[in-house]
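Residues per chain are reported as follows:
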Amino acid sequence: MSDSLLWSQLIADDQNAFSMLFEKYLSPLVNYGKTLLPSHEKVKDCVQDVFVDIWLYRHSLSEDVVVKAYLFSSVRKRIARLYERDRIFRQTTSLEDLEFSVRFSIEHQLITDETMELEVQQLNQLLNALPPRQKETLYLRYHQGLALEQIAEILDINHQSVKNLLQRAILHLRKEWKGTISLLLMFSFITS
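Residues numbered from 1 in each chain as written. Predicted model: local features only at pLDDT ≥ 70, side-chain atom pairs only at ≥ 80, totals over all residues. Heavy atoms only, no water.

Of regular secondary structure, the protein possesses 10 helices and zero strands. Ordering the α and β elements of the protein from the N terminus gives α-α-α-α-α-α-α-α-α-α. The buried share of the protein, reckoned over its 192 residues, is 45%. Accessible surface for the protein amounts to roughly 10400 Å². Of this, 51% is attributable to carbon and sulfur atoms. (Helix = DSSP H or I, 4+ residues; strand = E, 2+ residues; numbered from the N terminus. Buried < 20%, exposed > 50% of the residue type's maximum accessible area, 1.4 Å probe, protein only. Areas by Shrake-Rupley, 256 points an atom, 1.4 Å probe, with all protein chains shown as cover.)

Structural data, given as structure tokens:
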């Protein structure tokens, strides 16, 4: 079933549709949340809180949403609220102050020989050296397969800013890349 059909059924009180969406997105949302907050348990709580709110307020939800983008955005906002409430662990008042901390690792998808291994390690180093916002944008685009508009909604920035972040990240990677394998080929493996 498509996300939009499940979403419509959820709004119409279908617990089965709710469960299917929860099962489909729990792992990707927890993985995304862990890039913003290192505590697995707190991230899991935030994701579960998002789904609790969705169920509680299902009758007031809009049917005209991109479900995946809505869920990622909701988790991001929930983590921001957690940071605002919980200053014991980190002094911050804005999600802008958070550092996106995913560690790119694509070795298991690409390594076929020693030369490839060295190139993959170099690419991982280049990716991990990018500024947090650029890393997050690349993650959402290539790991989660989200459209630019959806990323803009999640990051609460405009469409052009997303394009700029992606362009700067890719230009930097192209400039610094010394490998023989095409970066385009590398990114196609990242998304699989």
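Resuming the write-up.
The next thing to look at is the packing of aromatic side chains. Within the structure shown, the criterion is met by six aromatic pairs. Look at Phe 18 and Trp 55: their rings are 5.2 Å apart centre to centre, the planes differ by 55°, and that puts the pair in the tilted class. Of this pair, Phe 18 sits in helix 2 (residues 15-36) while Trp 55 is found in helix 3 (residues 40-56), placing the two residues 37 residues apart along the sequence. A single burial state applies to Phe 18 and to Trp 55, both of which are buried. Taking 6.1 Å as the distance between ring centres and 15° as the angle between the ring planes, the aromatic pair formed by Tyr 32 and Tyr 139 counts as stacked. (Phe/Tyr/Trp six-rings, centres within 6.5 Å; stacked < 30°, edge-to-face > 60°.)

Turning our eyes to something else, we now look at the confidence of the model for the protein. Where the model shows low pLDDT, its predicted coordinates should not be examined in detail. This prediction gives the protein a mean pLDDT of 82; 76% of its residues lie at or above 70. Ignoring residues within four places in sequence, the model shows residues 188-192, a span with pLDDT below 50, making nine contacts including any to other chains. (pLDDT = per-residue confidence, 0-100. Contact = heavy atoms within 4.5 Å.)

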